[in-house]
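Residues per chain, in single letters:
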Amino acid sequence: MSLHTDISAPIDQKNFMDGYLDALALVERLHRLLLDVIKDEFERVNVLEINSVQALLLFNIGENEVTAGELKTRGYYQGSNVSYNLKKLVEMGYMHHQRCEVDRRSVRVRLTEKGRGVRDVVAELFERHAEGLQSKGVLGTDGIDQITISLRRVERYWTDQIRYIY
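Residues numbered from 1 in each chain as written. Predicted model: local features only at pLDDT ≥ 70, side-chain atom pairs only at ≥ 80, totals over all residues. Heavy atoms only, no water.

Trainee: So what's going on with the nonpolar core? Residues and values would help.
Mentor: In this structure, Leu58, Ile61, Leu86 and Met95 are the most contacted members of the largest nonpolar core, which totals 22 residues. Sorting the residues of this core by element identifies helix H1 (2-44), helix H2 (52-61), helix H4 (82-91), strand S2 (107-111) and helix H5 (113-135) as the ones contributing at least two each. The leading source of residues in this core is H2, at five residues. Ignoring sequence-local partners within four residues, the contact set of isoleucine 61 consists of Val66, Leu71, Leu86, Met95 and Leu111. (Core = buried A, V, L, I, M, F, W, Y, C linked by side-chain atoms within 4.5 Å. Buried < 20%, exposed > 50% of the residue type's maximum accessible area, 1.4 Å probe, protein only. Helix = DSSP H or I, 4+ residues; strand = E, 2+ residues; numbered from the N terminus. Contact = heavy atoms within 4.5 Å.)

Trainee: Break down H4 for me, citing the residues and quoting the values.
Mentor: Among the residues of H4, Val82, Asn85, Leu86 and Leu89 are the ones counted as buried. The arc that holds every buried residue of H4, seen down its axis, measures 100°, which confines them to one face. Looking at H4, the residues exposed on the side facing more than 90 degrees away from the buried face are Lys87 and Glu91. Just downstream of H4, glycine 93 is the residue with a positive phi angle, here 85°. (Arc of directions from axis to C-beta.)

Trainee: An account of the packing of H2 against H5 is requested, with residue identities and associated values reported.
Mentor: Where H2 contacts H5, the axes come no closer than 8 Å and their chain directions differ by 90°. Between H2 and H5, the interaxial angle falls into the category roughly perpendicular. Note on element contacts: H5 touches H2 through Gly115, Val118, Arg119, Val122, Ala123 and Phe126, opposite Ala55, Leu56, Leu58 and Phe59. Classifying every residue of the contact of H2 with H5 gives eight nonpolar, one polar and one charged. (Axes fitted to C-alpha atoms, helices over the stretch in contact; angles between N-to-C directions. Parallel < 35°, antiparallel > 145°, perpendicular 65-115°, else oblique. Nonpolar A, V, L, I, M, F, W, Y, C, P; charged D, E, K, R; others polar.)

Trainee: Give a description of the packing of aromatic side chains that names residues and reports values.
Mentor: The description of an aromatic ring pair uses the distance of the two centres, along with the angle that the planes make with each other. Applying the stated criterion across every chain, the model contains one aromatic pair. Plain terms: the ring middles of phenylalanine 59 and phenylalanine 126 are 5.0 Å apart, the flat faces sit at 85° to each other, and that makes the pair edge-to-face. Of this pair, phenylalanine 59 sits in helix H2 while phenylalanine 126 sits in helix H5, placing them 67 residues apart in sequence. Sitting over the face of the ring of tyrosine 94, lysine 114 holds its NZ or CZ atom 4.5 Å from the ring centroid. (Phe/Tyr/Trp six-rings, centres within 6.5 Å; stacked < 30°, edge-to-face > 60°. Lys NZ or Arg CZ within 6 Å of the ring centre and 35° of its normal.)

Trainee: Outline the pattern of salt bridges, supporting the account with residue identities and numerical values.
Mentor: Using the criterion set out here, one finds 14 salt bridges in the structure. Put simply, arginine 110 and glutamate 65 hold a salt bridge, and the shortest N to O gap is 3.5 Å. Taken together, the residues span a long stretch of sequence, with arginine 110 in strand S2 and glutamate 65 in the loop between H2 and helix H3 (68-73) at a distance of 45 residues. Across the salt bridge formed by glutamate 113 and arginine 116, the nearest N and O atoms sit 2.7 Å from each other. Note that glutamate 113 and arginine 116 are positioned in helix H5 at a spacing of three residues, about one turn of the helix. Through salt bridges with shared partners, a single network forms among Glu65, Glu70, Arg108 and Arg110. (Salt bridge = Lys/Arg side-chain N within 4 Å of Asp/Glu carboxyl O.)

The following block contains the structure:
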């Protein structure tokens, strides 16, 4: 019996590794595809001055007032150029900015009316997608719950790897 275990363990590990690499590639492709879908939607509604990363950033900020650091800690934005995008969005009138009373080095941002318009376009796009996924039988409540639970577990594992690596 131990001979069987010794033979199957490397195969199982290889199969898991292959599946893990496929999942990583899929997550990366889905993120790029999401940005392309958002870009196409803004081209459709003739809003061309902001990019899809900035539109997604506005959507994620929503009604909150945040700093660049809070965007990262809340998981809304992982990019290294968050400060650049915030600056551009302020310059284009999509966000208000104000120095933080407590820490004068920190700037708090919130959406303007123009920014809320972009947020609404993205929200409507996502709502249409959610309805389409359900109505076409692509994904139901159980499926989305399973995906979300699994992705949160991976997120937690990766976060632990960053925090506790030695």
